[in-house]
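Listed below are the residues making up each chain.
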Amino acid sequence: MPEEIDTYLHHLLADKEFTDNTVMAYKNDLTQLYNYLLAADARATASRSGMPGPAPTRVDWPKVDLARLTGYVVHLRDRGYAPATVARKIAALKSFFRYLLDQGTIGSDPAAALELPHLGRGEPRVLTQDEINALLAAPSGETRAASLRAVSASTSGGKFGAVTCSWRLFVRCSRRDA
């Protein structure tokens, strides 16, 4: 693995206290970027000379520009990566290039202009009258909590806290109106 990436990953563990899983995800994302840049350099060399030459053995980070990073993002999309995965990979490379800039390895950050894809989230599903009645009819305690968890999973993508907060607001309003 390139020294710059290895040093960056150590920085994430030691200084930023990222979890092992997060660092492993960054390692995979940055290794994929590194391999893409090496392959792109080899293709560019072959294109200029008309014949394949020796494969590059390292990436010259100061020469990486926005066009090459944009090419990488297009490559990811062409390979069918989900928008959330592309966003994570972009976040990893943006963080890495910010680190390289802070360390003085590069003079400007080519990733600064990259934008994360917008991850549209659908509106949460509203409870039906029957679901509200079922929650109101549920006895307090564990049965009501189980009902709230079930409704949470089906209406808010599993965000139990959002449903619980909505439930408390609903109960307060119901008591006021009664």
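Look up: the structure comes first, before these words.
Within any chain, residue numbers begin from 1 and follow the written order of that chain's sequence. Reporting of local features is limited, given that this is a predicted model, to residues whose pLDDT is at least 70; pairs of side-chain atoms are given and counted only at 80 or more, and all residues count toward the totals for whole chains, interfaces and linings. Values shown for side chains rest on all heavy atoms present in the structure; no hydrogens or waters enter the calculation.

### Looking at helix α4 (residues 83–103)
Under the 1.5 Å per step criterion, the end-to-end length of α4 is 30 Å for 21 residues, consistent within 8% with the ideal 30 Å. Only protein chains enter the accessibility calculation, which uses a 1.4 Å probe. A residue is then buried if its area is under 20% of the maximum for its type, exposed if over 50%, and partly exposed in between. Secondary structure follows DSSP: runs of H or I at least 4 residues long count as helices, runs of E at least 2 residues long count as strands, and numbering of each begins at the N terminus. Every buried residue of α4 is listed here: Val86, Ala87, Lys89, Ile90, Ala92, Leu93, Lys94, Ser95, Phe96, Phe97, Tyr99 and Leu100. Residue glycine 104 follows α4 closely and has a positive phi angle near 85°. Take the number of residues in a helix, subtract one, and multiply by 1.5 Å to get its expected span.

### Considerations on the packing of aromatic side chains
Each aromatic ring pair is specified by the distance between its two centres and by the angle formed by the two planes. Between 30 and 60 degrees the pair is tilted, below 30 it is stacked and above 60 it is edge-to-face, where a pair is any two Phe, Tyr or Trp rings, Trp via its six-membered ring, whose centres lie within 6.5 Å. Counted under the stated rule, the structure contains nine aromatic pairs. Ring centres of tyrosine 8 and phenylalanine 96 lie 5.4 Å apart, and the angle between their planes is 70°; on these two criteria the pair is classed as edge-to-face. A residue pair is termed long-range when its members are at least 10 positions apart, and tyrosine 8 in helix α1 (residues 3–14) and phenylalanine 96 in helix α4 qualify at 88 residues. In this structure tyrosine 8 comes out as buried when scored by relative accessible area, which is 1%. Take phenylalanine 96: its relative accessible area is 0%, and that puts it in the buried class. When the ring of phenylalanine 96 is compared with that of phenylalanine 97, the centres are 5.6 Å apart and the planes differ by 70°; the resulting orientation is edge-to-face. Like phenylalanine 96, the residue phenylalanine 97 is buried in the burial classification. Taken together through their ring pairs, the aromatic side chains of Tyr8, Phe18, Tyr26, Tyr34, Trp61, Phe96, Phe97 and Tyr99 make up a single cluster.

### Let's talk about the nonpolar core
Each nonpolar core is a collection of buried residues, namely Ala, Val, Leu, Ile, Met, Phe, Trp, Tyr and Cys, held together in the definition by side-chain atoms within 4.5 Å. Judged by nonpolar contacts, the single largest core of 31 residues is most densely connected at Tyr8, Leu33, Trp61, Leu69, Leu93, Phe96 and Phe97. Of all the secondary structure elements, the ones that give two or more residues to this core are α1, α2 (20–49), α3 (66–78) and α4. Among the elements that take part in this core, α2 stands out by supplying nine residues, more than any other. In what follows, residue pairs with any heavy atoms lying within 4.5 Å of each other are defined as contacts. Setting aside residues no more than four positions away along its own chain, leucine 93 makes contact with Leu30, Leu33, Leu69, Tyr72, Ala111 and Leu114.

### Quick notes on unusual backbone geometry
Located in the positive-phi region is glutamate 17, a residue other than glycine, with phi close to 55°. Tracing the backbone shows glutamate 17 in the loop between α1 and α2. Overall, the relative accessible area of 67% leaves glutamate 17 in the exposed class.

### Some remarks on the pattern of salt bridges
Here, a salt bridge means any Lys or Arg side-chain nitrogen found within 4 Å of an Asp or Glu carboxyl oxygen. Enumeration over the complete set of coordinates arrives at five salt bridges. Here arginine 88 and aspartate 29 are joined by a salt bridge, their closest N and O atoms 2.7 Å apart. With a gap of 59 residues between them, arginine 88 in helix α4 and aspartate 29 in helix α2 connect regions that are remote in the sequence. With a relative accessible area of 39%, arginine 88 lands in the partly exposed category. You can call aspartate 29 buried: its relative accessible area is 3%. Aspartate 60 is the partner of lysine 63 in a salt bridge, and the nearest nitrogen-oxygen pair spans 3.7 Å. According to the relative accessible area criterion, lysine 63 is exposed, its value standing at 60%. On the basis of relative accessibility, which here comes to 30%, the residue aspartate 60 falls in the partly exposed class. A network of salt bridges, in which partner residues are shared, links Asp29, Arg88 and Lys89.

### Remarks on the environment of valine 74
On the secondary structure map, valine 74 appears in helix α3. Exposure remark for valine 74: the relative accessible area of 40% places this residue in the partly exposed category. Considered as a pair, valine 74 and valine 86 are twelve residues apart in the sequence and their alpha carbons are 9.6 Å apart.

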